[in-house]
Each structure stands twice: as structure tokens, then as C-alpha cells.
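Here is what each chain is made of, one letter per residue.
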2 protein chains.
Amino acid sequence: MTMYQTIMNSISIDCIIFGFNNGVLEALLVKHAIGDSKGEWGLPGGIINKGESIDAAAQRTLRELTGLENIFLEQLKAFGDPKRIPTNRVITIGYYALINREEYDVKAGLTVSEAKWYKINSIPNLIYDHNEILDFGLKKLQTRILNAPIGFNLLPEKFTLLQLMHLYEEILGKELDKSNFRRKILKMKLLVALDEKQQDVSHRAAKLYQFDSDIYEKLSQKGFNFEI
Amino acid sequence: MTMYQTIMNSISIDCIIFGFNNGVLEALLVKHAIGDSKGEWGLPGGIINKGESIDAAAQRTLRELTGLENIFLEQLKAFGDPKRIPTNRVITIGYYALINREEYDVKAGLTVSEAKWYKINSIPNLIYDHNEILDFGLKKLQTRILNAPIGFNLLPEKFTLLQLMHLYEEILGKELDKSNFRRKILKMKLLVALDEKQQDVSHRAAKLYQFDSDIYEKLSQKGFNFEI
DNA sequence: TATACTTATGGTTAATATGACAACAAGTTT
DNA sequence: AAACTTGTTGTCATATTAACCATAAGTATA
């Protein structure tokens, strides 16, 4: 044990990475390749360098794991049960990220042998308190998606209103009325209708929309409500 | 530096303690009596014992500083800018508490020479990033009070509807309509009208109400909206 | 070619919630 | 007795909402 550590002791970062695939909400899990928990699944996590902010550590962890940057990433909270890890006392700071699965290839790196998307309803037993962290993150996502248009981060750049609604349905766990959803979401003026339609569908093609981040900036400054 | 620490290194707890006095929202600050920051004001904080959860550490810190227990206390988040303290790298976990000032006497303890309530609009320059933490806590309080009836923790056990409204006005920083406030708050069925009235007021005495925690439990299970 | 089928999109309507404000009640002070 | 202060109740036009219904625009099937 040296006096000058380059990393923070007893503190870690754990990230919940949400994705959306075939209408199903998923989370990215990794299989540990070394240590006590070898062979077990958990949330991707990491440590904090001495000179690095915790947000930056979360960004770096995410980059190391998924290769992606400029992502919606938000702190959940700190998890600090003294027995959350049996062998030593570590406080972890949870983050969650929303990524568009089409844009990124995820590859296992460093101390993990495998990285895999799990449907949110089929999460296996995870190491430590990672199931608890994931539950907390899901609840946070559910409330957050009602107050800010963060769901767009899970979708491709161009999407239909029904795709967006199905995303809300999947996250909130309840059915929505398409007519009412359409009216409410359009009333917010956050979406820009494109001159394009869906391709290769075996039914009437829906109009594609895009999320307008300029409008979002303007609206979020004076605060807005996103209740569905 | 020994191998076996009894406290967690490089992690601290800081508490925002909100009170409500004469219609004004206040926060409890302490004046440091030792160390680099001697003589300066800051949020009451402390360290985490090895065998203690972070929530328990926050409760204990609060007890040591104010003598109070069984308090509404909620974690804000972790603050982890590497330069938030100039001399060494410490990540702090912020908490906030709402207390009824009538019920407790606050006394300075341990490493502080003074503990004092400051009006939320007259907060002095605080040590480290404590002003930032306080701002974050206030914003959290503002959004939280719209989704859960936590405001009751700031009031005496029995209160009038107008007192409750003034609390909301003070926290949200805007005026409310007394008629509409009354209608909305009573519709939630969270308040129990008592057979008592205000005493010693130089105008018509208002009916006193009480917060019913049984009803709260039932309602919060199926979730409710507290928009004012 | 006609018919069924699927999803998209655009109403309709009754019930409810909201904001703004007026009116009256019950006390105290002048 | 009149003015004043705060509490309490009521009104009303408008906005919002949930729950439907109807039609449009395509594809698939017979």
C-alpha cells in the first residue's frame, strides 16, 4: 500500500446500459473473467482515477465497454450498504445510460469475458447488489421518461410515432392509446415530421419523425412537462 | 496509515437540513472550528464508519449535529469533482433532511463552533462546493414536493391549509391561489380535518388539519400525483 | 379484380380538471 | 358600527383527458 494512489480506494462506478431491441427493453451485462466473482454476471463497472471526476469516470467506463461517447448518462445515486460486497467495503456510484443499439457494437474488454444484452424481464442473478441497482435504475428511468424526452436516445435517428409509443409502453409497462399518445407527443412540438416514410413494411408505411434538439434546448430552459 | 481503517477514506457525507420558520425556508449551517476551513461556514457533514451504511452515517451525522432522529432524510447524489476540495480528493455523498424546527433544539457539536439557520435567500459563501450542493438540494426539494407529500415534515403536527400553502409558495418560489390549492390538496384525501382551530390569532381562526400517514401509505403504494 | 387485413391517422364526445375570480363567513381592530 | 383581515365556499368558461369511432393507405389473399 503506497501513500500515493492513482485510483480512488473503496469507491467504484457501476453503469446500467439500457438498449431497445425489437420492442423490448434490455440491459447490457458482463461476465466477469477474474477474481472471486469469475464466471458470474454483473453490471459493467470500473474504478475512479484520482484526477478524474466521477461523471468522467462513468463516461470512460462506458467508452471502454461500448466504444461510445456523447451519450445520455445520468447518475443514479451512491449505494453504500457495508455488506454489499462480502469481502471488502466498497461504496459504488450508480449511473445509467441510454443507447441506440443500432449505432454501436459492444465488445467485452479488460476483465470480462463476455458482454451480452439481457431482456429486462429476464435478468439473471447478478453479483453483489447489482440486481438492486438495476431495479433502482429502472424505476428512475420510468419516472424520468415522464419528465424529459430522454427516450429518444434509445431509438434510431428516424422513427415512427408508433415505435416511440411502444418504447414508452415497454418502459412504463402499460398499454397506451395510440391516438392520445400521438396528440400529446405532437403538442409538445419536439418532433419534426420528415418527408420520408417507413420502408419494407407489409402494411401502410408510417411517416418518419426526428427529434429536434434545438427545440428541446429552448423548451427545457423554461421547463416542460412530459406526462403521457 | 494503518491497514485497518475504522473509517472510509476519501468519502464524506454532507447534509442539507431544511427548516421552515415564519414562512421562510431556511437551511442549517455550521461554522468550522478546526482545520483549513476554520471560521468558515459550510453544510454539516461527517465521515462514514467502516461497518456503517451511508444512510446510517447520514442519520448519525444528523443526530450528532442536531440531536434529532426518525427524520425524513433522502440521498441527493454523490459529488465528485476532483478539485472540489483543494487539498485532497474527497467524494462526498449529499443528503437532505426536512425537519420541523419547533420540535428540536440545534446545538453545535464536535468540530463546529456554531450552528445557525440561514434563510435560503441569504446563504453566505460556503466552503468547497457546498453552495453547489445546496442549490442542487433545493432543486430536488422543489421537484420532490410536487410528487410526494414530504412538505409535512417541515410543519408542526397540526397546521392550517394556508400554512401548508405558504410552505409550497416559499419552496416553489411562486404564488398560489388559495381556493384552488385548497381544492387540490383536499381532493387527495391525505389530510384529516381536526375538531380544532387556530388559537391566538387576530383574525378568524382557521381549521387545523393533520397529515394521515396511514392514508399516505395506501396511496403511495399505487402511486399518486401531487401536482399543485 | 375484389375482398379482407393491417397499421396509420384523424376525429368525436362526455367527463373531468384547471385557473381566475367573486362572494360570503367569522372573527379582530378602530 | 364600520373597517379590516383571513378563512371558506362557490361559479364559470376553458382546457385537458380518456375512451372510442371512422377513415385512409397500403399489403396480402382468393
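Everything below is about the structure printed above this text.
As the structure is a computational prediction, the values presented were derived from the model and not from experiment.

Draft legend 1. Spotlight on helix α1 (residues 54-66) of chain B. Residue and element names in this part refer to chain B. If you check α1, its first and last C-alpha atoms are 18 Å apart, about what 13 residues at 1.5 Å a residue would give, namely 18 Å. For α1, every residue scored as buried is listed here: Ile54, Ala57, Ala58, Arg60, Thr61, Leu62, Leu65 and Thr66. Where α1 ends, the next residue or the one after it, Gly67, has phi of about 75 degrees, a positive value.

Draft legend 2. Up close: the relation of the copies chain B and chain A. Each copy superposes on the other: chain B lies on chain A with an RMSD of 0.2 Å after a rotation of 179 degrees and an axial shift of 0.0 Å. Seen this way, the second copy is the image of the first under a two-fold rotation axis. Among all residues of chain B, the one whose C-alpha sits closest to the rotation axis is Lys77(B), at a distance of 2.4 Å. Of all interface residues in chain B, 100% are interface residues in chain A too; the two copies therefore contact each other through one and the same surface.

Draft legend 3. Just the protein's contact with DNA strand C, in detail. Taken together, 18 residues sit near DNA strand C, with Leu162(A), Ser179(A), Arg182(A), Lys184(B) and Arg204(B) positioned nearest. Take Ser179(B): an N or O atom from its side chain is 3.2 Å from a base nitrogen of DNA strand C. Take Arg183(B): an N or O atom from its side chain is 2.9 Å from a base nitrogen of DNA strand C. Elements with a minimum of two residues in the surface near DNA strand C: α4 (178-187) of chain A together with α4 (178-187) of chain B. The element contributing the most residues to the surface near DNA strand C is α4(B), with five residues. Partitioned by chemical class, the residues of the surface near DNA strand C number three nonpolar, six polar and nine charged.

Draft legend 4. Quick look at the protein's contact with DNA strand D. Not every one of the 18 residues close to DNA strand D is listed here, only the nearest: Lys184(A), Arg204(A), Leu162(B), Ser179(B) and Arg182(B). Near the protein, within 4 Å, the atoms of DNA strand D are sugar or phosphate in 57% of cases. Within the contact set of DNA strand D, a base nitrogen lies 2.6 Å away from a side-chain nitrogen or oxygen of Arg204(A). At 2.3 Å, a side-chain N or O of Ser179(B) approaches a base oxygen of DNA strand D. For the surface near DNA strand D, the elements supplying multiple residues, two or more each, are α4 of chain A together with α4 of chain B. Here the element with the most residues in the surface near DNA strand D is α4(A); it accounts for five residues. Taken together, the residues of the surface near DNA strand D sort by class into two nonpolar, six polar and 10 charged.

Parameters and conventions
- Each chain has its residues counted from 1, following the order in which its sequence is written.
- The lettering of chains begins at A and the numbering of ligands begins at 1, in the order of writing.
- Per-residue local features are limited, in this predicted model, to residues with pLDDT of at least 70; the limit for side-chain atom pairs, both in listing and counting, is 80 or more; totals at the level of whole chains, interfaces and linings are taken over all residues.
- To obtain the side-chain values, all non-hydrogen atoms of the structure were included, while hydrogens and water were left out.
- Here a strand is any run of E in DSSP of at least two residues, a helix any run of H or I of at least four, and the numbering for each starts at the N terminus.
- Here a helix's expected span is defined as the number of its residues, less one, multiplied by 1.5 Å.
- Here the term buried applies to any residue with accessible area under 20% of the maximum for its type, exposed to any over 50%, and partly exposed to those in between, with areas from a 1.4 Å probe on protein chains only.
- Least-squares superposition of the copies uses the C-alpha atoms of those residues scoring a pLDDT of at least 70 in each of them.
- Only heavy atoms matter for contacts: two residues are in contact if any of them lie within 4.5 Å across the pair.
- Proximity criterion: a residue is near a molecule or strand once any of its heavy atoms comes within 4 Å of it.
- Residues adjacent in sequence count toward polar contacts only when both atoms are side-chain atoms; beyond that, a polar contact is any pair of N or O atoms within 3.5 Å, and within protein one must be able to donate a hydrogen and the other to accept it.
- Each residue gets one of three labels, nonpolar for Ala, Val, Leu, Ile, Met, Phe, Trp, Tyr, Cys and Pro, charged for Asp, Glu, Lys and Arg, and polar for the others, Gly among them.

The values are spatial; any link to function lies outside them.
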